[in-house]
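Each chain is listed here by its residues.
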Amino acid sequence: MKLFAIILLSMVGSAVGGVVSYERCGGVGTLTQLRVENCNGTTCRLNPGTPYLAEGDLIPSTASSQLHLRVTTTYFTGELVIIDTDLDNPSVQPGLTYVIKFTIVPNDVLAGSTLPIRAAISDVTSGRVEICAHFQVFINFL
């Protein structure tokens, strides 16, 4: 899956897309909401080659001077790393809400597949996971 990451930290909320159902997979911080452009509900239906902005509202548990974003999926039996990068301008304080943004561009090779997208944000220095959440996508046929 080809992905271009636009990573932003902000203290202002956004309404880019519909609210997406997600499940936590760990972390000591709080994810209050996950939104994906042109998507609502339990499974996002995405078109290959189309960029989709995803946003998550993070409330970190502790201060951090550098955060890391890792986005993966499972295809057949293997994990595919989509994004694995340190966030720009990532200094955060506990108790405040920050908006994490990244863009998903599905590859047509995955058309017809339902995939879990897993996003984890961690502190670079300690490795402590602030949030981990996953949501489902279906890649449409064109």
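Structure shown above.
Predicted model only: the values in this text are computed from it and were never measured. (Residues numbered from 1 in each chain as written. Predicted model: local features only at pLDDT ≥ 70, side-chain atom pairs only at ≥ 80, totals over all residues. Heavy atoms only, no water.)

Student: Got a minute to help me understand unusual backbone geometry in this structure?
Tutor: Note on backbone geometry: most residues besides glycine have negative phi, and most peptide bonds are trans. A positive phi angle, close to 60°, is found at Asn-38, a residue other than glycine. Here Asn-38 is to be found in the loop between strand 4 (30-36) and strand 5 (43-46). Note on Asn-38: relative accessible area 63%, which makes it exposed. Even without being a glycine, Phe-76 presents a positive backbone phi close to 55°. Considering the arrangement of structural elements, one finds Phe-76 in the loop between strand 7 (67-75) and strand 8 (78-86). (Helix = DSSP H or I, 4+ residues; strand = E, 2+ residues; numbered from the N terminus. Buried < 20%, exposed > 50% of the residue type's maximum accessible area, 1.4 Å probe, protein only.)

Student: Where do I start with the pairing of strand 8 in this structure?
Tutor: A regular strand carries its side chains on alternate faces of the sheet. Examined bridge by bridge, strand 7 and strand 8 share eight bridges and lie antiparallel to one another. For Val-71, the partnering residue across the bridge sits in strand 8 and is Ile-83. Once strand 7 ends, the chain turns through two residues before running back antiparallel as strand 8, passing Phe-76 with a positive phi of about 55°. (Pairing = 2+ DSSP bridges.)

Student: Please clarify how the nonpolar core should be interpreted in this entry.
Tutor: A general feature of soluble globular proteins is that nonpolar side chains tend to end up buried together. Core analysis: the largest hydrophobic core is formed by 31 residues, its most contacted members being Val-36, Cys-44, Val-71, Phe-102, Phe-135 and Val-137. Within the residue set of this core, elements represented by two or more residues are strand 4, strand 5, strand 6 (52-59), strand 7, strand 8, strand 9 (98-104), strand 10 (114-123) and strand 11 (129-139). If one sorts the elements of this core by residue count, strand 11 sits on top with five residues. (Core = buried A, V, L, I, M, F, W, Y, C linked by side-chain atoms within 4.5 Å.)

Student: Just checking my understanding: could you explain empty space enclosed by the protein for this structure?
Tutor: Per the stated rule, a full pass over the model turns up one cavity of 30 Å³ or more. By volume, the largest cavity is sized at about 120 Å³. For the largest cavity, the lining is made up of 13 residues, of which Leu-34, Gly-56, Phe-102, Ala-119 and Ile-131 are closest to its centre. Of all the secondary-structure elements, those providing two or more residues to the lining of the largest cavity are strand 4, strand 6, strand 9, strand 10 and strand 11. Broken down by element, the lining of the largest cavity gets its largest block of residues, four residues, from strand 11. Across the lining of the largest cavity, the residue classes break down as ten nonpolar, two polar and one charged. (1 Å grid on protein atoms, 1.4 Å probe; cavity = no way out; pocket = protein on both sides within 12 Å on 5 of 7 lines; lining within 4 Å. Points joined across faces, edges and corners; volume = space filled by probe spheres on them. Nonpolar A, V, L, I, M, F, W, Y, C, P; charged D, E, K, R; others polar.)

Student: Just checking my understanding: could you explain the state of the cysteines for this structure?
Tutor: Every disulfide links exactly two cysteines, by a covalent bond between their sulfur atoms. Inspection of the entire model under this criterion finds two disulfides. The disulfide partner of Cys-25 is Cys-132, and the gap between their sulfur atoms is 1.9 Å. Handedness of the Cys-25-Cys-132 disulfide follows from its S-S torsion of about -80°: it is left-handed. With Cys-25 in strand 3 (residues 23-26) and Cys-132 in strand 11, the pair connects residues that are 107 residues apart, well separated along the chain. For Cys-132, a relative accessible area of 3% corresponds to the buried category. Through a disulfide, Cys-39 is tied to Cys-44; the S-S separation comes to 2.1 Å. Looking along the S-S bond of the Cys-39-Cys-44 disulfide, the torsion reads about -90°, which is the left-handed sense. Owing to a relative accessible area of 4%, Cys-39 belongs among the buried residues under this scheme. Looking at Cys-44, the relative accessible area reads 0%, which means it is buried. Bonded cysteines in the chain are paired 1-4, 2-3 when counted in the order they occur along the chain. (Disulfide = S-S within 2.5 Å.)

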